[in-house]
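Structural characterization, general
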Amino acid sequence: MAASRSTVLPVALVVLAFAAAFYSSGAFVNGVAPTSTSAALRGVVSQQALPIGLVEGTSIATSLQVVTAAYWAVLILVTVPCGFLIILYLQSERTKAGMTPK
């Protein structure tokens with residue numbers, strides 16, 4: 001019965017997805033290749049983009065402190081929900097096993 005299905009809809013969806021991916025790529029790269037003078041231009045712009053005091057205040061130690069806090073947040077925010085779901089599953093299986101007639 002599944003073999004009698006038409007393949008027009010899946011093919012149309014795949015073509016539509018490829019077309020959307022192709023046309024939306026211009027939003028990120030503006031449809032042009034980078035030029036060789038853009039490297040020098042970026043250097044000038046990047047030097048003028050940030051205030052002087054902000055550039056001097058950055059350090060590796062600050063970035064490592066942020067990364068360490070992010071690691072702890074990910075560890076806790078993954079472990080706690082997964083632990084809850086495992087405990088919930090084990091309790092439901094225990095309850096289901098206790099309800100079976102002997």
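What counts as what
- Position numbers for residues start from 1 in each chain and track the written sequence from start to end.
- The predicted origin of the model limits local features to residues at a pLDDT of at least 70 and limits the giving and counting of side-chain atom pairs to 80 or more, whereas totals for whole chains, interfaces and linings rest on all residues.
- For the side-chain quantities, the full set of heavy atoms in the structure was used; hydrogens and water were omitted.
- Only DSSP runs of H or I reaching four residues or more are called helices, and only runs of E reaching two or more are called strands; each is numbered from the N terminus.
- Whether a residue is buried, partly exposed or exposed follows from its accessible area with a 1.4 Å probe, protein chains only, as a fraction of its type maximum: under 20%, in between, or over 50%, in that order.
- pLDDT expresses how confident the predictor is about each individual residue, on a scale running from 0 to 100.
- By definition, no residue in a patch forms a salt bridge, and every one has over 30% relative accessible area; like charges are joined within 9 Å, nonpolar side chains (Val, Leu, Ile, Met, Phe, Trp, Tyr) within 5 Å.
- For the accessible areas, the method is Shrake-Rupley and the probe is 1.4 Å, while residue cover comes only from the protein chains on display.
- For this document, the term salt bridge refers to a Lys or Arg side-chain nitrogen within 4 Å of an Asp or Glu carboxyl oxygen.

Glancing now at the overall build of the protein chain. Within the protein chain one finds five helices and zero strands. Listed by position from the N terminus, the elements making up the protein chain come as α-α-α-α-α. Counting every position in the protein chain, which comprises 102 residues, the buried fraction comes to 1%.

On average, residues of the protein chain score 74 in pLDDT, and 53% of them reach the 70 mark or higher. The element-level mean pLDDT for the protein chain is lowest in helix 3 (residues 38-49), coming to 56, with helix 5 (residues 60-99) highest at 86.

This part covers a nonpolar patch on the surface. Together, Trp72, Leu75, Ile76, Leu77 and Val80 make up a nonpolar patch on the protein surface, roughly 560 Å² of accessible area in all. Note that leucine 77 resides in helix 5.

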